[in-house]
Amino acid sequence: MKKNTVNLFLSLLIVLVFASSALASSFVTFTADSLYNAKNYAEALKHYSNIASKYYNEAARPENVNYLFGYESVKKAVINKSVNSAKVALYSFYMQALCNINIKNYAGAVNSVNGALACFNIQKMLTPKSLTGAKTPEMVLISQPLHVINDYSAKINALPISVADVLRILQATARERNSVYAVLANTPQGQTYNELLARYNALIASEKAYVDLSVNIVSRDLDAQNLSSFEALVNHMKAFKPIDKSVTSTLEASDKIIAKMTALALSLQGSNVSLATYYSTAMQKLISVNAYIKGYLATSGAR
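Model, not experiment: these values are computed from the prediction.

Focus on the side chain of Ser-92
Residue position: Ser-92 is located in helix α4 (residues 71-102). In this structure, Ser-92 is in contact with Thr-29, Tyr-48, Ile-51 and Ala-52, ignoring residues within four places of it in sequence.

See the structure below:
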(Lines give C-alpha, C1' and ligand atoms only; values in the text may rest on other atoms or scores of the structure.)
Protein backbone atom coordinates (compact mmCIF):
# COMPACT_ATOMS: atom_id res chain seq x y z
CA MET A 1 0.00 0.00 0.00
CA LYS A 2 2.79 2.37 0.96
CA LYS A 3 4.63 1.61 -2.28
CA ASN A 4 1.48 2.33 -4.32
CA THR A 5 1.01 5.65 -2.52
CA VAL A 6 4.61 6.64 -3.26
CA ASN A 7 4.27 5.69 -6.94
CA LEU A 8 1.03 7.68 -7.21
CA PHE A 9 2.70 10.70 -5.62
CA LEU A 10 5.63 10.51 -8.04
CA SER A 11 3.31 10.15 -11.02
CA LEU A 12 1.34 13.22 -9.95
CA LEU A 13 4.60 15.11 -9.44
CA ILE A 14 5.70 14.32 -12.99
CA VAL A 15 2.35 15.44 -14.42
CA LEU A 16 2.34 18.66 -12.38
CA VAL A 17 5.92 19.58 -13.29
CA PHE A 18 5.32 18.98 -17.00
CA ALA A 19 1.95 20.75 -17.00
CA SER A 20 3.31 23.81 -15.17
CA SER A 21 6.23 24.02 -17.60
CA ALA A 22 3.93 23.80 -20.61
CA LEU A 23 1.63 26.48 -19.15
CA ALA A 24 4.55 28.82 -18.45
CA SER A 25 5.93 28.39 -21.96
CA SER A 26 2.64 29.59 -23.47
CA PHE A 27 3.14 32.99 -21.83
CA VAL A 28 6.90 33.47 -21.97
CA THR A 29 6.99 34.67 -25.61
CA PHE A 30 3.85 36.82 -25.37
CA THR A 31 5.68 40.19 -25.41
CA ALA A 32 8.04 39.13 -28.18
CA ASP A 33 5.15 37.75 -30.25
CA SER A 34 3.18 40.96 -29.77
CA LEU A 35 6.14 43.05 -30.95
CA TYR A 36 6.62 40.76 -33.95
CA ASN A 37 2.94 40.98 -34.90
CA ALA A 38 3.20 44.77 -34.62
CA LYS A 39 6.15 44.54 -37.09
CA ASN A 40 8.55 45.97 -34.50
CA TYR A 41 11.12 43.39 -35.57
CA ALA A 42 14.17 44.99 -33.94
CA GLU A 43 12.58 45.00 -30.47
CA ALA A 44 11.05 41.57 -30.96
CA LEU A 45 14.50 40.27 -31.90
CA LYS A 46 15.94 41.42 -28.56
CA HIS A 47 13.23 39.58 -26.64
CA TYR A 48 13.48 36.40 -28.70
CA SER A 49 17.28 36.44 -28.32
CA ASN A 50 17.06 36.67 -24.53
CA ILE A 51 14.40 33.95 -24.34
CA ALA A 52 16.28 31.61 -26.70
CA SER A 53 19.52 31.95 -24.73
CA LYS A 54 17.83 31.52 -21.33
CA TYR A 55 15.78 28.46 -22.25
CA TYR A 56 18.52 26.75 -24.25
CA ASN A 57 20.83 27.10 -21.24
CA GLU A 58 18.10 25.73 -18.97
CA ALA A 59 17.68 22.71 -21.22
CA ALA A 60 21.41 22.03 -21.58
CA ARG A 61 22.85 22.81 -18.14
CA PRO A 62 24.01 19.90 -15.96
CA GLU A 63 21.59 19.06 -13.16
CA ASN A 64 21.51 17.06 -9.95
CA VAL A 65 18.58 14.64 -9.75
CA ASN A 66 17.62 14.39 -6.09
CA TYR A 67 15.41 11.40 -5.26
CA LEU A 68 14.24 9.33 -2.31
CA PHE A 69 12.78 6.19 -3.86
CA GLY A 70 12.65 5.95 -7.68
CA TYR A 71 15.42 7.67 -9.62
CA GLU A 72 13.93 6.89 -13.03
CA SER A 73 10.63 8.61 -12.23
CA VAL A 74 12.27 11.84 -11.06
CA LYS A 75 14.75 11.68 -13.93
CA LYS A 76 11.83 11.49 -16.37
CA ALA A 77 10.35 14.67 -14.86
CA VAL A 78 13.68 16.49 -15.23
CA ILE A 79 14.02 15.36 -18.86
CA ASN A 80 10.44 16.41 -19.68
CA LYS A 81 11.08 19.86 -18.21
CA SER A 82 14.29 20.17 -20.26
CA VAL A 83 12.50 19.07 -23.44
CA ASN A 84 9.91 21.77 -22.84
CA SER A 85 12.63 24.39 -22.27
CA ALA A 86 14.35 23.30 -25.49
CA LYS A 87 11.08 23.66 -27.39
CA VAL A 88 10.68 27.25 -26.14
CA ALA A 89 14.26 27.94 -27.25
CA LEU A 90 13.60 26.31 -30.63
CA TYR A 91 10.56 28.50 -31.26
CA SER A 92 12.44 31.61 -30.14
CA PHE A 93 15.45 30.89 -32.36
CA TYR A 94 13.12 30.36 -35.33
CA MET A 95 11.28 33.62 -34.65
CA GLN A 96 14.67 35.29 -34.18
CA ALA A 97 15.52 34.14 -37.72
CA LEU A 98 12.27 35.64 -39.05
CA CYS A 99 13.05 38.95 -37.33
CA ASN A 100 16.55 38.99 -38.84
CA ILE A 101 15.14 38.28 -42.29
CA ASN A 102 12.64 41.12 -41.95
CA ILE A 103 15.40 43.58 -41.05
CA LYS A 104 17.62 42.21 -43.87
CA ASN A 105 20.23 40.76 -41.50
CA TYR A 106 20.72 37.48 -43.34
CA ALA A 107 23.94 36.57 -41.54
CA GLY A 108 22.07 36.91 -38.27
CA ALA A 109 19.28 34.74 -39.67
CA VAL A 110 21.76 31.97 -40.46
CA ASN A 111 23.10 32.11 -36.90
CA SER A 112 19.53 31.95 -35.56
CA VAL A 113 18.85 28.89 -37.71
CA ASN A 114 22.01 27.30 -36.32
CA GLY A 115 20.64 27.86 -32.82
CA ALA A 116 17.28 26.35 -33.78
CA LEU A 117 18.89 23.24 -35.24
CA ALA A 118 20.92 22.79 -32.05
CA CYS A 119 17.65 22.53 -30.09
CA PHE A 120 16.57 19.34 -31.85
CA ASN A 121 18.95 17.21 -29.76
CA ILE A 122 20.84 18.49 -26.71
CA GLN A 123 23.24 16.49 -24.55
CA LYS A 124 22.70 17.02 -20.83
CA MET A 125 24.58 15.69 -17.81
CA LEU A 126 22.49 14.34 -14.92
CA THR A 127 23.94 13.40 -11.54
CA PRO A 128 21.73 11.11 -9.42
CA LYS A 129 21.70 12.06 -5.72
CA SER A 130 20.03 10.11 -2.93
CA LEU A 131 20.34 10.07 0.85
CA THR A 132 23.39 7.86 0.46
CA GLY A 133 25.22 10.41 -1.70
CA ALA A 134 25.88 11.19 -5.36
CA LYS A 135 25.97 8.42 -7.94
CA THR A 136 27.80 8.18 -11.28
CA PRO A 137 26.69 11.02 -13.61
CA GLU A 138 25.04 10.04 -16.89
CA MET A 139 24.65 11.84 -20.20
CA VAL A 140 21.10 11.96 -21.56
CA LEU A 141 19.74 13.26 -24.85
CA ILE A 142 17.13 16.00 -24.70
CA SER A 143 15.33 15.30 -27.98
CA GLN A 144 12.31 16.98 -29.50
CA PRO A 145 9.51 14.68 -30.72
CA LEU A 146 9.83 13.67 -34.37
CA HIS A 147 6.77 15.67 -35.45
CA VAL A 148 8.30 18.84 -33.92
CA ILE A 149 11.62 18.23 -35.69
CA ASN A 150 9.84 17.60 -39.01
CA ASP A 151 7.68 20.71 -38.59
CA TYR A 152 10.59 23.03 -37.84
CA SER A 153 12.83 21.43 -40.46
CA ALA A 154 10.20 22.25 -43.09
CA LYS A 155 9.86 25.82 -41.76
CA ILE A 156 13.62 26.36 -41.71
CA ASN A 157 14.08 24.94 -45.21
CA ALA A 158 11.42 27.37 -46.46
CA LEU A 159 13.17 30.45 -45.07
CA PRO A 160 14.37 32.86 -47.78
CA ILE A 161 18.04 32.53 -46.82
CA SER A 162 20.65 32.74 -49.56
CA VAL A 163 23.08 29.84 -49.75
CA ALA A 164 25.80 32.39 -50.51
CA ASP A 165 25.28 33.90 -47.03
CA VAL A 166 25.40 30.46 -45.42
CA LEU A 167 28.59 29.53 -47.29
CA ARG A 168 30.33 32.78 -46.28
CA ILE A 169 29.55 32.13 -42.62
CA LEU A 170 30.56 28.48 -43.03
CA GLN A 171 33.92 29.59 -44.43
CA ALA A 172 34.51 32.08 -41.61
CA THR A 173 33.57 29.46 -39.00
CA ALA A 174 35.83 26.88 -40.61
CA ARG A 175 38.78 29.28 -40.70
CA GLU A 176 38.32 30.04 -37.02
CA ARG A 177 38.09 26.31 -36.28
CA ASN A 178 41.35 25.76 -38.17
CA SER A 179 43.06 28.56 -36.22
CA VAL A 180 41.82 27.28 -32.86
CA TYR A 181 43.06 23.79 -33.72
CA ALA A 182 46.54 25.14 -34.48
CA VAL A 183 46.69 26.86 -31.09
CA LEU A 184 45.17 23.84 -29.34
CA ALA A 185 47.88 21.55 -30.71
CA ASN A 186 50.53 23.63 -28.93
CA THR A 187 48.68 24.27 -25.67
CA PRO A 188 49.46 22.18 -22.56
CA GLN A 189 46.69 20.48 -20.61
CA GLY A 190 44.91 22.83 -18.23
CA GLN A 191 42.13 25.41 -18.06
CA THR A 192 43.21 27.23 -21.24
CA TYR A 193 43.36 23.93 -23.11
CA ASN A 194 39.88 22.96 -21.89
CA GLU A 195 38.46 26.33 -22.93
CA LEU A 196 40.04 26.04 -26.38
CA LEU A 197 38.78 22.48 -26.76
CA ALA A 198 35.23 23.57 -25.88
CA ARG A 199 35.48 26.37 -28.44
CA TYR A 200 36.85 23.97 -31.05
CA ASN A 201 34.01 21.49 -30.49
CA ALA A 202 31.42 24.28 -30.65
CA LEU A 203 32.86 25.48 -33.97
CA ILE A 204 32.73 21.96 -35.40
CA ALA A 205 29.06 21.68 -34.37
CA SER A 206 28.33 25.04 -36.02
CA GLU A 207 30.11 23.95 -39.20
CA LYS A 208 27.99 20.81 -39.36
CA ALA A 209 24.81 22.86 -39.00
CA TYR A 210 25.91 25.27 -41.75
CA VAL A 211 26.83 22.36 -44.05
CA ASP A 212 23.42 20.77 -43.50
CA LEU A 213 21.64 24.08 -44.08
CA SER A 214 23.54 24.86 -47.29
CA VAL A 215 22.89 21.34 -48.63
CA ASN A 216 19.19 21.70 -47.79
CA ILE A 217 18.94 25.02 -49.64
CA VAL A 218 20.73 23.79 -52.77
CA SER A 219 18.79 20.50 -52.74
CA ARG A 220 15.47 22.31 -52.39
CA ASP A 221 16.27 24.48 -55.41
CA LEU A 222 17.48 21.53 -57.46
CA ASP A 223 14.20 19.73 -56.78
CA ALA A 224 12.45 22.81 -58.16
CA GLN A 225 14.75 22.74 -61.25
CA ASN A 226 16.40 25.95 -60.08
CA LEU A 227 20.22 25.99 -60.36
CA SER A 228 20.86 29.42 -58.82
CA SER A 229 21.95 28.03 -55.42
CA PHE A 230 24.00 25.36 -57.16
CA GLU A 231 25.82 28.03 -59.18
CA ALA A 232 26.43 30.00 -55.98
CA LEU A 233 28.11 26.92 -54.46
CA VAL A 234 30.31 26.44 -57.54
CA ASN A 235 31.33 30.12 -57.55
CA HIS A 236 32.03 30.08 -53.81
CA MET A 237 34.34 27.11 -54.18
CA LYS A 238 36.16 28.69 -57.14
CA ALA A 239 36.77 31.82 -55.07
CA PHE A 240 37.87 29.98 -51.89
CA LYS A 241 41.30 31.49 -51.17
CA PRO A 242 43.63 30.61 -49.61
CA ILE A 243 42.90 26.90 -49.82
CA ASP A 244 43.66 25.19 -46.51
CA LYS A 245 42.07 22.60 -44.23
CA SER A 246 39.22 24.99 -43.49
CA VAL A 247 37.78 24.08 -46.91
CA THR A 248 36.96 20.52 -45.79
CA SER A 249 33.45 21.38 -44.61
CA THR A 250 32.67 23.11 -47.91
CA LEU A 251 33.94 20.01 -49.70
CA GLU A 252 31.56 17.95 -47.57
CA ALA A 253 28.65 20.08 -48.78
CA SER A 254 29.92 19.75 -52.35
CA ASP A 255 30.16 15.95 -52.08
CA LYS A 256 26.58 15.75 -50.83
CA ILE A 257 25.30 17.92 -53.69
CA ILE A 258 27.17 15.82 -56.25
CA ALA A 259 25.49 12.73 -54.79
CA LYS A 260 22.13 14.53 -54.87
CA MET A 261 22.52 15.56 -58.53
CA THR A 262 23.69 12.09 -59.52
CA ALA A 263 20.57 10.58 -57.93
CA LEU A 264 18.36 13.17 -59.64
CA ALA A 265 19.90 12.54 -63.04
CA LEU A 266 19.50 8.78 -62.67
CA SER A 267 15.88 9.06 -61.55
CA LEU A 268 15.05 11.20 -64.59
CA GLN A 269 16.67 8.92 -67.17
CA GLY A 270 13.43 7.13 -67.96
CA SER A 271 11.05 10.11 -67.80
CA ASN A 272 12.93 13.25 -68.79
CA VAL A 273 16.19 12.55 -70.59
CA SER A 274 16.83 16.20 -71.50
CA LEU A 275 16.57 17.31 -67.85
CA ALA A 276 18.72 14.38 -66.72
CA THR A 277 21.36 15.45 -69.24
CA TYR A 278 21.06 19.05 -68.08
CA TYR A 279 21.75 18.06 -64.46
CA SER A 280 24.62 15.77 -65.47
CA THR A 281 26.25 18.50 -67.58
CA ALA A 282 25.87 21.16 -64.88
CA MET A 283 27.25 18.79 -62.26
CA GLN A 284 30.57 18.58 -64.10
CA LYS A 285 31.37 22.15 -63.01
CA LEU A 286 31.06 21.18 -59.35
CA ILE A 287 32.94 17.92 -59.86
CA SER A 288 35.78 19.84 -61.52
CA VAL A 289 36.29 22.43 -58.76
CA ASN A 290 35.77 19.76 -56.10
CA ALA A 291 38.52 17.59 -57.63
CA TYR A 292 40.88 20.56 -58.01
CA ILE A 293 40.58 21.53 -54.32
CA LYS A 294 41.03 17.94 -53.13
CA GLY A 295 44.07 17.56 -55.37
CA TYR A 296 45.55 20.81 -54.06
CA LEU A 297 45.08 19.72 -50.44
CA ALA A 298 46.69 16.37 -51.17
CA THR A 299 49.82 17.81 -52.85
CA SER A 300 50.40 21.23 -51.30
CA GLY A 301 50.73 20.33 -47.64
CA ALA A 302 48.11 22.99 -46.83
CA ARG A 303 47.15 23.18 -43.16
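So much for the structure itself; the text now carries on.
Digging into the packing of aromatic side chains
The full count for this structure, using the stated rule, is 7 aromatic pairs. Centre to centre, the rings of Tyr-36 and Tyr-41 are 5.2 Å apart; their planes meet at 65°, and the pair counts as edge-to-face. Residue classification places Tyr-41 among the buried residues on the basis of a relative accessible area of 17%. Taking 6.3 Å as the distance between ring centres and 75° as the angle between the ring planes, the aromatic pair formed by Tyr-48 and Tyr-91 counts as edge-to-face. Of the two residues, Tyr-48 sits in helix α3 (residues 41-60) while Tyr-91 sits in helix α4, which places them 43 residues apart along the sequence. For Tyr-48, a relative accessible area of 0% puts it in the buried group. Judged by its relative accessible area of 25%, Tyr-91 falls in the partly exposed class. For the cation-ring pair, Lys-155 lies above Tyr-94, with the distance from its terminal atom to the ring centre recorded as 5.7 Å. A cation sits over an aromatic face here: Lys-155 above Tyr-152, 4.7 Å from the ring centre.

Some points on helix α10 (residues 248-268)
For α10, spanning 21 residues, the distance from its first C-alpha to its last is 30 Å, which sits close to the expected 30 Å at 1.5 Å a residue. Of the surrounding secondary structure, the elements contacted by the buried residues of α10 are α7 (163-184), α8 (191-223), α9 (228-238) and α11 (273-300).

Some remarks on the packing of helix α5 (residues 106-118) against α8
Between α5 and α8, the least distance of the axes is 10 Å, while the angle of their chain directions is 105°. Here α5 is positioned roughly perpendicular relative to α8, judged by the angle of their axes. In this structure, α5 contributes Val-110, Asn-111, Val-113, Asn-114 and Leu-117 to the contact, and α8 contributes Ser-206, Ala-209, Tyr-210 and Leu-213. Of the residues that constitute the contact of α5 with α8, the class distribution is 6 nonpolar, 3 polar and no charged.

Remarks on helix α6 (residues 146-157)
In this model α6 runs 16 Å from its N-terminal to its C-terminal C-alpha over 12 residues, within 8% of the 16 Å that 1.5 Å per residue would give. Of all the positions in α6, only Val-148, Ile-149, Tyr-152 and Ile-156 are classed as buried. For α6, the arc enclosing every buried residue in end-on projection is 95°, short of the 170-degree limit, so these residues lie on one face. Exposed residues on α6 whose side chains face more than 90 degrees from its buried face are Leu-146 and His-147.

Examining the pattern of salt bridges
A full pass over the atoms with the stated rule returns 16 salt bridges. Among the salt bridges present, the one from Glu-138 reaches Lys-75, with a minimum N-O distance of 3.1 Å. Of the two residues, Glu-138 sits in strand β4 (residues 138-143) while Lys-75 sits in helix α4, which places them 63 residues apart along the sequence. Taking the relative accessible area as the measure of exposure, Glu-138 reaches 24% and is therefore partly exposed. For Arg-199, the salt bridge is made with Glu-176, and the minimal N-O distance between the two is 2.9 Å. Of this pair, Arg-199 sits in helix α8 while Glu-176 sits in helix α7, and the two are 23 residues apart along the sequence. In the salt-bridge network here, residues are joined through shared partners; they are Lys-208, Asp-212, Glu-252 and Lys-256.

Some details on the packing of α9 against α10
Relative orientation of the contacting elements α9 and α10 amounts to 140°, with a least axis distance of 11 Å. α10 is crossed by α9, and the crossing has left-handed handedness. Each of Phe-230, Leu-233, His-236 and Met-237 in α9 lies in contact with α10, whose residues at this interface are Thr-250, Leu-251, Ser-254, Ile-257 and Met-261. When grouped by side-chain class, the residues that make up the contact of α9 with α10 number 6 nonpolar, 3 polar and no charged.

Observations regarding the confidence of the model for the protein chain
Here the protein chain averages 87 in pLDDT, and 91% of its residues register 70 or above. In the model, residues 1-23 has pLDDT below 50 throughout and makes 13 contacts with residues more than four positions away in sequence or in other chains.

What to know about a nonpolar patch on the surface
Taken together, the side chains of Leu-68, Phe-69 and Leu-131 define a hydrophobic patch exposed on the protein surface, amounting to about 420 Å² of accessible area. The residue Phe-69 is located in the loop between β1 (63-66) and α4 in this model. The class of Phe-69 is exposed, set by a relative accessible area of 58%.

What counts and what doesn't
Residues numbered from 1 in each chain as written. Predicted model: local features only at pLDDT ≥ 70, side-chain atom pairs only at ≥ 80, totals over all residues. Heavy atoms only, no water. Helix = DSSP H or I, 4+ residues; strand = E, 2+ residues; numbered from the N terminus. Contact = heavy atoms within 4.5 Å. Phe/Tyr/Trp six-rings, centres within 6.5 Å; stacked < 30°, edge-to-face > 60°. Buried < 20%, exposed > 50% of the residue type's maximum accessible area, 1.4 Å probe, protein only. Lys NZ or Arg CZ within 6 Å of the ring centre and 35° of its normal. Expected span 1.5 Å × (residues − 1). Axes fitted to C-alpha atoms, helices over the stretch in contact; angles between N-to-C directions. Parallel < 35°, antiparallel > 145°, perpendicular 65-115°, else oblique. Nonpolar A, V, L, I, M, F, W, Y, C, P; charged D, E, K, R; others polar. Arc of directions from axis to C-beta. Salt bridge = Lys/Arg side-chain N within 4 Å of Asp/Glu carboxyl O. Left-handed = near helix turned anticlockwise from the far one by under 90°. pLDDT = per-residue confidence, 0-100. Patch = residues over 30% accessible without salt bridge, like charges linked within 9 Å, V, L, I, M, F, W, Y side chains within 5 Å. Areas by Shrake-Rupley, 256 points an atom, 1.4 Å probe, with all protein chains shown as cover.

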